[in-house]
Amino acid sequence: MVGLAEIAGWDNLFLAFRKASKGKRGRPEVAAFEYRLEDHLVELSSALRERRYRPGPYASFYIHDPKRRLISAAPFRDRVVHHALCNLIEPVFERGFVADSYANRVGKGTHRALNKAQQYARRFGYVLQVDVRQFFPSVDHALLRASMARKLSDAGVLWLIDRILASGVGVLAEEYRMVYFPGDDLFAVNRPRGLPIGNLTSQFWGNVYLDPLDHFVKRELRCPGYVRYVDDLLLFGKEKVALWDWRDALVERLAALRLTLHPGAHPRPVAEGMPFLGFTVYPDRRRLKRRKGVQFQRPGSSLGSGRAGRRDAGGQPVGLGESRATRQYRGAAQSRVEPHSRVARSILVAIFLNAIGMNRRLPRWTLQPWRQA
């Protein structure tokens, strides 16, 4: 049984620090935490054991990728606690997750979700693609806590979960549009809801929250082809009538979780292609969406360069983990590319002229690059 003492243990907190700081040790807040690492971990362990831990405020900002999203970053100290909690409670829930859920799980991911979706597209003629409307802002805290309390009985662990949940109340309030469900009264608008996008716990708890839906699809609907990635769902079948029935059943089941579907979802042939995870998936091929390709080629893009907006002295994007020495070497190498490319062009011209039987003397300009090199 997972207890608060195990979460607050030194080994677990040190492992949590290593995971939270991976790839971020150059950032000021991470470096400041690591400078007095032992003191910070001892104080954090004491605060957890004595239940004095209080999460700090979030730093929120918007991204457009492609639609507008509010990202909320917790202080680094809190991110260590998030990793420490997930280190121990994730295995408890992982055993019960269905194999067809691919988001934020070890051994899963986007590429395996795409591969599975394409396998099902080859077996079935129709697909019902649905996605949950405003998923993270709509997650109800009472329902989520009840789901976790079924497998976690330690009062200290539930206390820590309550602390983290309470720290995110209101963060996504402006992103949520109120939806009333059967049985609600006027006070339903005050129900605590929302998981900050950017927390490790939010990604994990999203899987916990939708796990009952996964089991509903697999056990009660008996869907033979099912793929879920966060709030995007694919249900495959051989007949449209069954998919229409499953859609109505999903709407009813999601209402119990206080969630709704985006309107307009309907069964369609897999031969038309499914937009899924940045690709359009067909039974025999997949195509990258145009906006993803444009974003990858855009200078300073987070996809193309790894570090948006960062450029070296030559105006080239700077990638993740690229040192100053590496940039200097790359700049020097680029300065030598042009002469050698002219030499290669001259050689190709000479080979071409010889191949077509032109035995006259080569033009003088073809020899100039050799002298420059």
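Rules and cut-offs
Starting from 1, residues in each chain are numbered consecutively following that chain's sequence as written. Two thresholds apply to this predicted model, a pLDDT of at least 70 for residue-level local features and 80 or more for giving and counting side-chain atom pairs, whereas whole-chain, interface and lining totals are computed over all residues. With hydrogens and water excluded, all non-hydrogen atoms of the structure serve as input to the side-chain values. Secondary structure elements follow DSSP: runs of H or I no shorter than four residues count as helices, runs of E no shorter than two count as strands, and numbering proceeds from the N terminus. Working definition: with a 1.4 Å probe on protein chains only, accessible area under 20% of the residue-type maximum means buried, over 50% means exposed, and in between means partly exposed. Between two residues, a contact is recorded if the distance between any of their heavy atoms is within 4.5 Å. Accessibility throughout is a Shrake-Rupley quantity obtained with a 1.4 Å probe, and a residue counts as covered only by protein chains that appear here. Detection works on a 1 Å grid of protein atoms alone, calling trapped sets that fit a 1.4 Å probe cavities and calling open sets with protein on both sides within 12 Å along at least five of seven lines pockets, with lining residues defined by an atom within 4 Å of a point. Grid points are joined across faces, edges and corners, and a volume is the space filled by probe spheres set on the points. Three categories are distinguished: nonpolar for Ala, Val, Leu, Ile, Met, Phe, Trp, Tyr, Cys and Pro, charged for Asp, Glu, Lys and Arg, and polar for the others, with Gly belonging to the last. Two strands pair under a simple rule: DSSP has to find at least two bridges between them. Expected span of a helix, by definition, is 1.5 Å for each gap between consecutive residues, and there is one gap fewer than residues. For a residue, the bend is simply the angle between two axes, fitted respectively to the seven-residue segment ending there and the seven-residue segment starting there. Angles run from 0 to 180 degrees between N-to-C directions of axes, and those axes are lines fitted to C-alpha atoms, restricted for helices to the stretch in contact. Orientation is classified from the angle alone, with under 35 degrees giving roughly parallel, over 145 giving roughly antiparallel, 65 to 115 giving roughly perpendicular, and any other angle giving oblique. As used in this structure description, the phrase polar contact means that two N or O atoms lie within 3.5 Å; if the pair is within protein, one of them must be able to donate a hydrogen and the other to accept it, and residues adjacent in sequence are counted only when both atoms belong to side chains. If you view the pair so one helix is near and one far, a crossing is left-handed when the near helix is turned anticlockwise from the far one by less than a right angle, and right-handed when it is turned clockwise.

## A closer look at the overall build of the chain
For step 1, the next point in the chain: The number of helices and strands found in the chain is 15 helices and nine strands.
For step 2, the next point in the chain: Each of the 373 residues in the chain was classed as buried or not, and the buried ones make up 42%.
For step 3, the next point in the chain: Sequence-distant contacts in the chain: of pairs separated by 6 or more residues, those separated by 24 or more amount to 68%.
For step 4, the next point in the chain: Element-wise, carbon and sulfur atoms account for 54% of the exposed surface of the chain, whose accessible area totals about 20800 Å².

## Comments concerning empty space enclosed by the protein
For step 1, the next point in the chain: For the structure on display, the rule yields three cavities of 30 Å³ or more.
For step 2, the next point in the chain: By volume, the largest cavity amounts to about 50 Å³.
For step 3, the next point in the chain: Forming the walls of the largest cavity are Tyr58, His141, Ile164, Leu165, Gly168, Gly194, Leu195, Pro196, Asn199, Thr201, Ser202 and Trp205.
For step 4, the next point in the chain: If you list the elements that add at least two residues to the lining of the largest cavity, you get helix H9 (155–167) and helix H10 (200–220).
For step 5, the next point in the chain: Its residues placed into classes, the lining of the largest cavity shows six nonpolar, six polar and no charged.

## Focus on the pairing of strand E4 (residues 225–229)
For step 1, the next point in the chain: In terms of burial, E4 is largely enclosed, as five of its five residues are buried.
For step 2, the next point in the chain: In terms of strand pairing, E4 meets strand E5 (residues 232–237) through five bridges, oriented antiparallel. Following the sheet pairing, Gly225 is matched in E5 by Phe236.
For step 3, the next point in the chain: What sits between the antiparallel neighbours E4 and E5 is a turn of two residues, in which Val230 has the positive phi angle 55°.

## A few points about the side chain of Thr201
For step 1, the next point in the chain: In this structure, Thr201 sits in helix H10.
For step 2, the next point in the chain: Excluding residues that lie within four positions of it along the chain, Thr201 makes contacts with His82, Leu85, Cys86 and Ile164.

## Let's talk about H10
For step 1, the next point in the chain: For H10, spanning 21 residues, the distance from its first C-alpha to its last is 31 Å, which sits close to the expected 30 Å at 1.5 Å a residue.
For step 2, the next point in the chain: A bend of about 45° at Leu210 is the largest found in H10, and the proline Pro212 appears one to four places after it.
For step 3, the next point in the chain: One or two residues past the end of H10 sits Arg222, with phi positive at roughly 55°.

## Description of the packing of helix H3 (residues 28–35) against helix H5 (residues 76–94)
Two quantities define a packed helix pair, namely the angle between the helix axes and the distance between the axes.
For step 1, the next point in the chain: Direction vectors running N to C along H3 and H5 enclose 75°, while the axes themselves pass 9 Å from each other. As judged from the angle between their axes, H3 and H5 are roughly perpendicular. For the pair H3 and H5, contact is made by Glu29, Val30 and Phe33 and by Phe76, Arg77, Arg79 and Val80, respectively.
For step 2, the next point in the chain: The class makeup of the residues in the contact of H3 with H5 is four nonpolar, no polar and three charged.

## What about the environment of Asp284?
For step 1, the next point in the chain: Note on placement: Asp284 falls in the loop between strand E8 (279–281) and strand E9 (286–288).
For step 2, the next point in the chain: When the C-alpha atoms of Asp284 and Gln118 are compared, they prove to be 7.7 Å apart, with 166 residues separating the residues in sequence.
For step 3, the next point in the chain: Within the structure, Asp284 has its side chain in polar contact with the side chain of Arg285 (distance 3.0 Å).

## Here's the deal with the packing of helix H4 (residues 37–49) against H5
For step 1, the next point in the chain: Closest axis-to-axis distance for the H4/H5 pair is 12 Å, and the angle between their directions is 60°. Read as a crossing pair, H4 and H5 show a hand that is right-handed. Touching Glu43, Leu44, Ala47 and Leu48 of H4 are Arg77, Val80 and Val81, all from H5.
For step 2, the next point in the chain: Class assignment for the residues of the contact of H4 with H5 results in five nonpolar, no polar and two charged.

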